[in-house]
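As a plain string of letters, each chain reads:
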Amino acid sequence: TVGLAVAAKAAGKKYFGSATDNPELTDSSYTALLSNTKEFNQLTPGNSMKWDATEGTRGTFTFTKADEIVSLAQTNGQLIRGHTCVWHSQLPGWVTAGNFDASTLTSIIQTHTTNVVGHFKGKIWDVVNEPFNEDGTWRTSVFYNTLGSSFVSIALQAARAADPAAKLYVNDYNIDGTGAKSTAMVNLVKSLKASGAPIDGVGIQAHLIVGQVPSTIQANIAQFTALGVEVAITELDIRMTLPVTTALLEQQKKDYQTVIAACKAVSGCIGVTIWDYTDKYSWVPSVFQGQGAALPWDDRLVKKPAYDGIVAGF
Ligand code: XIL
(Lines give C-alpha, C1' and ligand atoms only; values in the text may rest on other atoms or scores of the structure.)
Protein backbone atom coordinates (compact mmCIF):
# COMPACT_ATOMS: atom_id res chain seq x y z
CA THR A 1 0.00 0.00 0.00
CA VAL A 2 1.01 3.56 -0.66
CA GLY A 3 0.15 5.15 2.67
CA LEU A 4 -2.69 7.48 3.61
CA ALA A 5 -0.74 10.74 3.26
CA VAL A 6 0.64 9.61 -0.09
CA ALA A 7 -2.92 8.81 -1.22
CA ALA A 8 -4.22 12.16 0.06
CA LYS A 9 -1.53 14.10 -1.77
CA ALA A 10 -2.12 12.15 -4.98
CA ALA A 11 -5.76 13.30 -4.68
CA GLY A 12 -4.65 16.93 -4.47
CA LYS A 13 -5.03 17.32 -0.70
CA LYS A 14 -2.44 18.98 1.52
CA TYR A 15 -2.37 16.31 4.18
CA PHE A 16 -3.68 13.24 5.93
CA GLY A 17 -2.98 13.48 9.64
CA SER A 18 -3.58 12.09 13.11
CA ALA A 19 -4.20 13.53 16.51
CA THR A 20 -1.83 12.40 19.21
CA ASP A 21 -1.21 12.99 22.89
CA ASN A 22 1.91 13.19 25.03
CA PRO A 23 1.49 10.05 27.18
CA GLU A 24 1.31 7.86 24.06
CA LEU A 25 4.67 9.01 22.75
CA THR A 26 6.51 6.69 25.12
CA ASP A 27 5.00 3.75 23.16
CA SER A 28 7.73 3.27 20.59
CA SER A 29 5.81 1.15 18.08
CA TYR A 30 3.01 3.71 18.24
CA THR A 31 5.36 6.64 17.72
CA ALA A 32 7.18 4.92 14.86
CA LEU A 33 3.97 4.58 12.87
CA LEU A 34 2.82 8.09 13.85
CA SER A 35 6.12 9.39 12.44
CA ASN A 36 5.74 7.57 9.11
CA THR A 37 5.09 10.43 6.70
CA LYS A 38 3.74 8.08 4.06
CA GLU A 39 0.79 7.57 6.42
CA PHE A 40 0.64 10.93 8.22
CA ASN A 41 2.05 14.27 7.13
CA GLN A 42 0.14 16.24 9.77
CA LEU A 43 -0.34 16.00 13.55
CA THR A 44 -2.83 17.61 15.92
CA PRO A 45 -2.07 17.72 19.65
CA GLY A 46 -5.17 16.12 21.19
CA ASN A 47 -4.91 17.94 24.49
CA SER A 48 -1.66 19.79 25.02
CA MET A 49 -2.54 23.11 23.34
CA LYS A 50 -5.85 23.51 25.17
CA TRP A 51 -6.38 26.39 27.61
CA ASP A 52 -6.04 24.22 30.74
CA ALA A 53 -2.71 22.92 29.43
CA THR A 54 -1.28 26.25 28.25
CA GLU A 55 -2.61 28.87 30.70
CA GLY A 56 -3.79 27.01 33.79
CA THR A 57 -2.88 30.07 35.82
CA ARG A 58 -3.73 33.51 34.51
CA GLY A 59 -0.81 35.01 32.60
CA THR A 60 1.51 32.01 33.08
CA PHE A 61 2.03 30.15 29.81
CA THR A 62 3.26 26.55 29.66
CA PHE A 63 4.18 25.04 26.31
CA THR A 64 6.30 22.05 27.35
CA LYS A 65 3.87 19.35 26.23
CA ALA A 66 2.74 21.17 23.11
CA ASP A 67 6.37 21.83 22.17
CA GLU A 68 7.11 18.10 22.48
CA ILE A 69 4.51 17.29 19.82
CA VAL A 70 5.43 20.23 17.60
CA SER A 71 9.08 19.28 17.66
CA LEU A 72 8.24 15.64 16.85
CA ALA A 73 6.24 16.90 13.85
CA GLN A 74 9.10 19.18 12.86
CA THR A 75 11.61 16.34 13.06
CA ASN A 76 9.34 14.18 10.93
CA GLY A 77 8.51 16.98 8.47
CA GLN A 78 4.80 16.98 9.37
CA LEU A 79 2.35 19.89 9.46
CA ILE A 80 0.64 20.90 12.69
CA ARG A 81 -2.95 21.88 13.33
CA GLY A 82 -3.10 23.91 16.51
CA HIS A 83 -6.04 22.92 18.71
CA THR A 84 -7.56 25.08 20.24
CA CYS A 85 -7.57 28.64 21.60
CA VAL A 86 -11.14 29.37 22.73
CA TRP A 87 -13.38 26.50 23.82
CA HIS A 88 -15.88 26.08 26.66
CA SER A 89 -14.32 22.75 27.71
CA GLN A 90 -10.94 21.96 29.33
CA LEU A 91 -11.05 25.58 30.42
CA PRO A 92 -9.46 26.42 33.78
CA GLY A 93 -11.64 27.48 36.68
CA TRP A 94 -10.06 30.91 36.80
CA VAL A 95 -11.69 31.68 33.43
CA THR A 96 -15.08 30.01 33.99
CA ALA A 97 -15.59 31.23 37.54
CA GLY A 98 -13.77 34.53 37.27
CA ASN A 99 -16.91 36.63 36.84
CA PHE A 100 -15.06 38.98 34.52
CA ASP A 101 -16.75 41.92 32.85
CA ALA A 102 -16.81 42.17 29.06
CA SER A 103 -13.68 44.26 28.65
CA THR A 104 -11.65 42.11 31.04
CA LEU A 105 -12.76 38.87 29.38
CA THR A 106 -11.96 40.40 25.98
CA SER A 107 -8.41 41.08 27.06
CA ILE A 108 -8.14 37.60 28.64
CA ILE A 109 -9.13 36.04 25.28
CA GLN A 110 -6.71 38.33 23.46
CA THR A 111 -3.81 37.59 25.78
CA HIS A 112 -4.43 33.85 25.64
CA THR A 113 -4.81 33.68 21.86
CA THR A 114 -1.89 36.02 21.21
CA ASN A 115 0.47 33.97 23.36
CA VAL A 116 -0.61 30.58 22.11
CA VAL A 117 -0.75 31.38 18.38
CA GLY A 118 2.34 33.57 18.67
CA HIS A 119 4.36 30.75 20.25
CA PHE A 120 3.84 28.42 17.27
CA LYS A 121 4.22 30.38 14.04
CA GLY A 122 2.93 29.31 10.66
CA LYS A 123 0.37 26.75 11.83
CA ILE A 124 -3.25 26.01 10.98
CA TRP A 125 -5.43 26.82 14.01
CA ASP A 126 -8.78 25.75 15.36
CA VAL A 127 -9.04 29.21 16.93
CA VAL A 128 -12.60 28.71 18.16
CA ASN A 129 -14.01 25.28 18.98
CA GLU A 130 -17.65 24.16 19.28
CA PRO A 131 -19.53 27.47 19.39
CA PHE A 132 -22.97 26.05 18.54
CA ASN A 133 -25.74 23.93 20.02
CA GLU A 134 -27.37 21.17 17.97
CA ASP A 135 -30.27 23.45 16.93
CA GLY A 136 -27.89 26.10 15.64
CA THR A 137 -28.25 28.48 18.55
CA TRP A 138 -25.14 29.74 20.29
CA ARG A 139 -23.80 27.48 23.00
CA THR A 140 -23.94 28.84 26.52
CA SER A 141 -20.41 29.44 27.77
CA VAL A 142 -18.57 32.03 29.78
CA PHE A 143 -17.50 33.54 26.45
CA TYR A 144 -20.96 33.76 24.88
CA ASN A 145 -22.67 34.73 28.12
CA THR A 146 -20.31 37.65 28.65
CA LEU A 147 -19.56 38.80 25.11
CA GLY A 148 -22.27 37.40 22.87
CA SER A 149 -21.05 36.07 19.54
CA SER A 150 -18.33 38.76 19.38
CA PHE A 151 -15.98 36.41 21.25
CA VAL A 152 -15.38 34.65 17.92
CA SER A 153 -14.08 37.71 16.07
CA ILE A 154 -12.15 38.86 19.14
CA ALA A 155 -10.23 35.57 19.11
CA LEU A 156 -9.77 35.52 15.31
CA GLN A 157 -8.44 39.07 15.26
CA ALA A 158 -5.98 38.35 18.05
CA ALA A 159 -4.80 35.22 16.22
CA ARG A 160 -4.31 37.11 12.95
CA ALA A 161 -2.34 39.84 14.72
CA ALA A 162 -0.16 37.28 16.54
CA ASP A 163 0.70 35.44 13.31
CA PRO A 164 -0.42 36.82 9.95
CA ALA A 165 0.75 33.57 8.31
CA ALA A 166 -1.49 31.31 10.41
CA LYS A 167 -4.63 29.76 8.88
CA LEU A 168 -7.59 30.47 11.14
CA TYR A 169 -10.51 28.09 11.51
CA VAL A 170 -13.72 27.70 13.48
CA ASN A 171 -14.30 24.02 14.30
CA ASP A 172 -17.39 22.11 15.42
CA TYR A 173 -19.02 18.66 15.53
CA ASN A 174 -22.31 17.55 14.00
CA ILE A 175 -21.76 19.95 11.13
CA ASP A 176 -20.86 16.98 8.91
CA GLY A 177 -24.12 16.96 7.00
CA THR A 178 -26.49 19.81 6.19
CA GLY A 179 -28.90 20.88 8.93
CA ALA A 180 -29.51 23.55 11.53
CA LYS A 181 -26.04 23.41 13.05
CA SER A 182 -24.28 23.58 9.67
CA THR A 183 -26.52 26.47 8.68
CA ALA A 184 -25.46 28.29 11.83
CA MET A 185 -21.82 27.81 10.77
CA VAL A 186 -22.63 29.11 7.27
CA ASN A 187 -24.23 32.18 8.80
CA LEU A 188 -21.29 32.73 11.13
CA VAL A 189 -18.81 32.60 8.24
CA LYS A 190 -20.96 35.02 6.24
CA SER A 191 -21.17 37.49 9.09
CA LEU A 192 -17.45 37.24 9.90
CA LYS A 193 -16.62 37.90 6.26
CA ALA A 194 -19.12 40.77 6.05
CA SER A 195 -17.51 42.42 9.06
CA GLY A 196 -13.97 41.88 7.79
CA ALA A 197 -13.00 39.43 10.55
CA PRO A 198 -10.21 37.04 9.57
CA ILE A 199 -11.62 33.57 8.86
CA ASP A 200 -9.82 31.10 6.61
CA GLY A 201 -11.60 27.85 7.18
CA VAL A 202 -14.29 25.68 8.71
CA GLY A 203 -13.25 22.57 10.62
CA ILE A 204 -15.66 19.65 10.47
CA GLN A 205 -14.81 17.39 13.41
CA ALA A 206 -16.62 14.33 12.01
CA HIS A 207 -17.02 12.19 15.13
CA LEU A 208 -19.33 9.78 13.33
CA ILE A 209 -21.18 6.50 13.94
CA VAL A 210 -20.90 3.39 11.76
CA GLY A 211 -23.91 3.16 9.45
CA GLN A 212 -24.99 6.73 10.18
CA VAL A 213 -22.74 8.86 7.99
CA PRO A 214 -24.89 11.72 6.66
CA SER A 215 -25.62 11.47 2.93
CA THR A 216 -25.18 15.23 2.56
CA ILE A 217 -21.49 15.38 3.55
CA GLN A 218 -20.23 16.42 0.13
CA ALA A 219 -22.96 19.01 -0.42
CA ASN A 220 -22.29 20.33 3.07
CA ILE A 221 -18.55 20.70 2.48
CA ALA A 222 -19.35 22.47 -0.78
CA GLN A 223 -21.70 24.93 0.91
CA PHE A 224 -18.83 26.02 3.15
CA THR A 225 -16.22 26.31 0.40
CA ALA A 226 -18.74 28.32 -1.68
CA LEU A 227 -18.41 31.03 0.98
CA GLY A 228 -14.74 31.44 0.15
CA VAL A 229 -13.23 29.48 3.05
CA GLU A 230 -11.28 26.23 3.21
CA VAL A 231 -12.67 23.13 4.84
CA ALA A 232 -10.77 20.49 6.78
CA ILE A 233 -12.05 17.31 8.36
CA THR A 234 -10.38 17.72 11.70
CA GLU A 235 -11.22 14.89 14.11
CA LEU A 236 -12.55 11.99 12.05
CA ASP A 237 -13.46 8.77 13.81
CA ILE A 238 -16.36 6.39 13.11
CA ARG A 239 -17.39 4.48 16.21
CA MET A 240 -19.46 1.33 16.59
CA THR A 241 -21.36 -0.37 19.38
CA LEU A 242 -19.08 -3.12 20.70
CA PRO A 243 -18.36 -5.96 20.22
CA VAL A 244 -16.64 -5.63 16.87
CA THR A 245 -18.11 -7.85 14.14
CA THR A 246 -17.02 -8.48 10.55
CA ALA A 247 -20.18 -6.80 9.33
CA LEU A 248 -19.50 -3.67 11.39
CA LEU A 249 -15.90 -3.51 10.17
CA GLU A 250 -17.12 -3.74 6.56
CA GLN A 251 -19.70 -1.01 7.10
CA GLN A 252 -17.01 1.11 8.80
CA LYS A 253 -14.79 0.66 5.74
CA LYS A 254 -17.60 1.97 3.50
CA ASP A 255 -18.24 4.85 5.87
CA TYR A 256 -14.59 5.96 5.88
CA GLN A 257 -14.58 5.76 2.10
CA THR A 258 -17.71 7.94 1.91
CA VAL A 259 -16.20 10.66 4.09
CA ILE A 260 -12.86 10.69 2.28
CA ALA A 261 -14.53 10.68 -1.15
CA ALA A 262 -16.62 13.69 -0.14
CA CYS A 263 -13.49 15.63 0.82
CA LYS A 264 -11.74 14.51 -2.35
CA ALA A 265 -14.61 15.73 -4.51
CA VAL A 266 -14.47 19.31 -3.21
CA SER A 267 -11.25 21.08 -4.08
CA GLY A 268 -11.50 23.47 -1.11
CA CYS A 269 -11.41 20.52 1.31
CA ILE A 270 -7.71 20.63 2.06
CA GLY A 271 -7.07 17.68 4.33
CA VAL A 272 -8.29 15.06 6.77
CA THR A 273 -7.20 14.35 10.34
CA ILE A 274 -8.26 11.25 12.26
CA TRP A 275 -8.66 11.61 16.02
CA ASP A 276 -5.66 9.38 16.71
CA TYR A 277 -5.00 6.44 14.42
CA THR A 278 -5.29 3.38 16.67
CA ASP A 279 -8.15 2.08 18.81
CA LYS A 280 -5.53 1.69 21.54
CA TYR A 281 -5.57 5.45 22.17
CA SER A 282 -9.01 6.51 20.97
CA TRP A 283 -11.02 8.85 23.22
CA VAL A 284 -14.26 7.06 22.23
CA PRO A 285 -14.57 4.25 24.83
CA SER A 286 -14.03 6.64 27.72
CA VAL A 287 -16.77 9.01 26.56
CA PHE A 288 -19.35 6.88 24.71
CA GLN A 289 -20.29 3.92 26.88
CA GLY A 290 -20.19 0.58 25.07
CA GLN A 291 -18.75 2.08 21.89
CA GLY A 292 -15.31 2.03 20.34
CA ALA A 293 -13.17 0.57 17.55
CA ALA A 294 -13.54 3.89 15.74
CA LEU A 295 -10.15 4.15 14.02
CA PRO A 296 -8.39 2.50 11.05
CA TRP A 297 -5.80 0.62 13.13
CA ASP A 298 -6.89 -1.75 15.90
CA ASP A 299 -5.54 -1.77 19.45
CA ARG A 300 -2.58 -3.93 18.36
CA LEU A 301 -1.68 -1.44 15.62
CA VAL A 302 -2.96 -3.79 12.91
CA LYS A 303 -4.75 -2.20 9.95
CA LYS A 304 -8.52 -2.69 9.79
CA PRO A 305 -10.73 -2.72 6.68
CA ALA A 306 -11.30 1.00 7.38
CA TYR A 307 -7.73 1.62 6.23
CA ASP A 308 -8.56 0.31 2.76
CA GLY A 309 -11.75 2.36 2.80
CA ILE A 310 -9.67 5.53 3.25
CA VAL A 311 -7.32 4.55 0.44
CA ALA A 312 -10.32 3.77 -1.80
CA GLY A 313 -11.92 7.12 -0.94
CA PHE A 314 -8.87 9.01 -2.19
C1 XIL B 1 -10.76 15.02 23.56
C2 XIL B 1 -9.44 14.30 23.83
O3 XIL B 1 -9.19 13.39 22.79
C4 XIL B 1 -9.51 13.58 25.16
O5 XIL B 1 -8.26 13.00 25.49
C6 XIL B 1 -9.93 14.57 26.26
O7 XIL B 1 -10.10 13.86 27.46
C8 XIL B 1 -11.20 15.27 25.88
O9 XIL B 1 -11.06 15.90 24.63
N10 XIL B 1 -13.82 17.46 20.27
C11 XIL B 1 -12.63 18.16 20.34
C12 XIL B 1 -11.45 17.54 20.98
O13 XIL B 1 -12.53 19.25 19.78
O14 XIL B 1 -10.64 18.48 21.61
C15 XIL B 1 -11.85 16.44 21.96
O16 XIL B 1 -10.65 15.79 22.39
C17 XIL B 1 -12.81 15.47 21.31
C18 XIL B 1 -14.07 16.18 20.88
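Scroll up to find the structure this text is about.
No experiment lies behind these values; they were computed from the predicted model shown. (Residues numbered from 1 in each chain as written. Predicted model: local features only at pLDDT ≥ 70, side-chain atom pairs only at ≥ 80, totals over all residues. Heavy atoms only, no water.)

Moving on, we get to the overall build of the protein chain. Of regular secondary structure, the protein chain possesses 13 helices and ten strands. For the protein chain, whose C-alpha radius of gyration is 19 Å, the value lies close to the compact-globule estimate of 20 Å for 314 residues. Principal-axis analysis of the C-alpha atoms gives the protein chain an extent of 55 × 40 × 35 Å. Looking at the protein chain as a whole, 57% of its 314 residues are labelled buried. For the protein chain, the accessible area works out to roughly 11,900 Å², and carbon and sulfur atoms hold 51% of it. The positive charge centre, built from 24 side chains, and the negative charge centre, built from 27, are 6 Å apart in the protein chain. (Helix = DSSP H or I, 4+ residues; strand = E, 2+ residues; numbered from the N terminus. Rg over C-alpha atoms; globule rule 2.2 N^0.38 Å. Buried < 20%, exposed > 50% of the residue type's maximum accessible area, 1.4 Å probe, protein only. Areas by Shrake-Rupley, 256 points an atom, 1.4 Å probe, with all protein chains shown as cover. Lys, Arg positive; Asp, Glu negative; His and termini not counted. Charge placed at Lys NZ, Arg CZ, Asp CG, Glu CD.)

This next bit is on the pairing of strand β9 (residues 269–274). Among the six residues that make up β9, six are buried, leaving the element largely enclosed by the rest of the structure. In this structure, strand β8 (residues 230–241) lies alongside β9, joined through four bridges in parallel fashion. Bridge pairing in β9 links I233 to V272. This β-α-β element, β8 to helix α11 (residues 246–265) to β9, shows right-handed connectivity. (Pairing = 2+ DSSP bridges. Right-handed = clockwise from strand over helix to strand, strands pointing away.)

A separate point is the site of the ligand. N47, K50, H83, W87, Q90, N129, E130, Q205, H207, E235, W275 and W283 make up every residue found near the ligand. Here an oxygen atom of the ligand sits 2.9 Å away from a polar atom, N or O, in the side chain of N47. The side chain of E130 places a nitrogen or oxygen atom 3.3 Å from a nitrogen atom of the ligand. For the ligand, whose accessible area on its own is 410 Å², the fraction buried by protein is 76%. Residue composition of the shell around the ligand, by class: three nonpolar, six polar and three charged. (Near = heavy atom within 4 Å. Polar contact = N/O pair within 3.5 Å; in protein donor to acceptor, adjacent residues only side chain to side chain. Nonpolar A, V, L, I, M, F, W, Y, C, P; charged D, E, K, R; others polar.)

Let us now look at the packing of helix α6 (residues 102–119) against helix α8 (residues 150–162). For any two helices packed against each other, one specifies the crossing angle of their axes together with the interaxial distance. Following both chains from N to C, one finds α6 and α8 inclined at 35°, their axes separated by 8 Å at the closest point. Between α6 and α8 lies a crossing whose hand is right-handed. Together, T106, I109, Q110, T113, T114, V117 and G118 of α6 and F151, I154, A155, A158, A159 and A162 of α8 make up the contact between the two elements. (Axes fitted to C-alpha atoms, helices over the stretch in contact; angles between N-to-C directions. Left-handed = near helix turned anticlockwise from the far one by under 90°. Contact = heavy atoms within 4.5 Å.)

Bringing helix α4 (residues 64–76) into the picture now. In a regular helix each residue adds 1.5 Å, so 13 residues correspond to 18 Å; α4 covers 18 Å between its end C-alpha atoms and thus fits that length. Among the residues making up α4, those that are buried are A66, I69, V70, L72, A73 and N76. Summarising the axial view, the buried residues of α4 lie within an arc of 155°, below the 170-degree limit, and thus occupy one face. Pointing more than 90 degrees away from the buried face of α4 are the exposed residues T64, Q74 and T75. As for α4, its buried residues are in contact with β1 (15–20), α2 (28–34), β2 (42–45) and β3 (79–86). Two residues or fewer after α4 comes G77, characterised by a positive phi angle close to 80°. (Expected span 1.5 Å × (residues − 1). Arc of directions from axis to C-beta.)

The next point concerns the pattern of salt bridges. Evaluated as defined, the whole model comprises nine salt bridges. A salt bridge links D200 to R160, with the nearest nitrogen and oxygen atoms 3.3 Å apart. With D200 in the loop between α9 (180–194) and β6 (201–204) and R160 in helix α8, this pair connects stretches of sequence that are 40 residues apart. The exposure class of R160 is partly exposed, given its relative accessible area of 25%. When salt bridges with common partners are traced through the structure, they connect K14, K167 and E230 into a single cluster. (Salt bridge = Lys/Arg side-chain N within 4 Å of Asp/Glu carboxyl O.)

All right, on to the environment of R139 then. Note on placement: R139 falls in the loop between β4 (124–129) and α7 (142–147). The exposure class of R139 is buried, given its relative accessible area of 15%. Placed 92 residues apart in sequence, R139 and N47 show a C-alpha to C-alpha distance of 21 Å. Once you skip the residues sitting within four places of it in the chain, R139 turns out to touch H88, E130, P131, F132, N133, Y144 and Y173.

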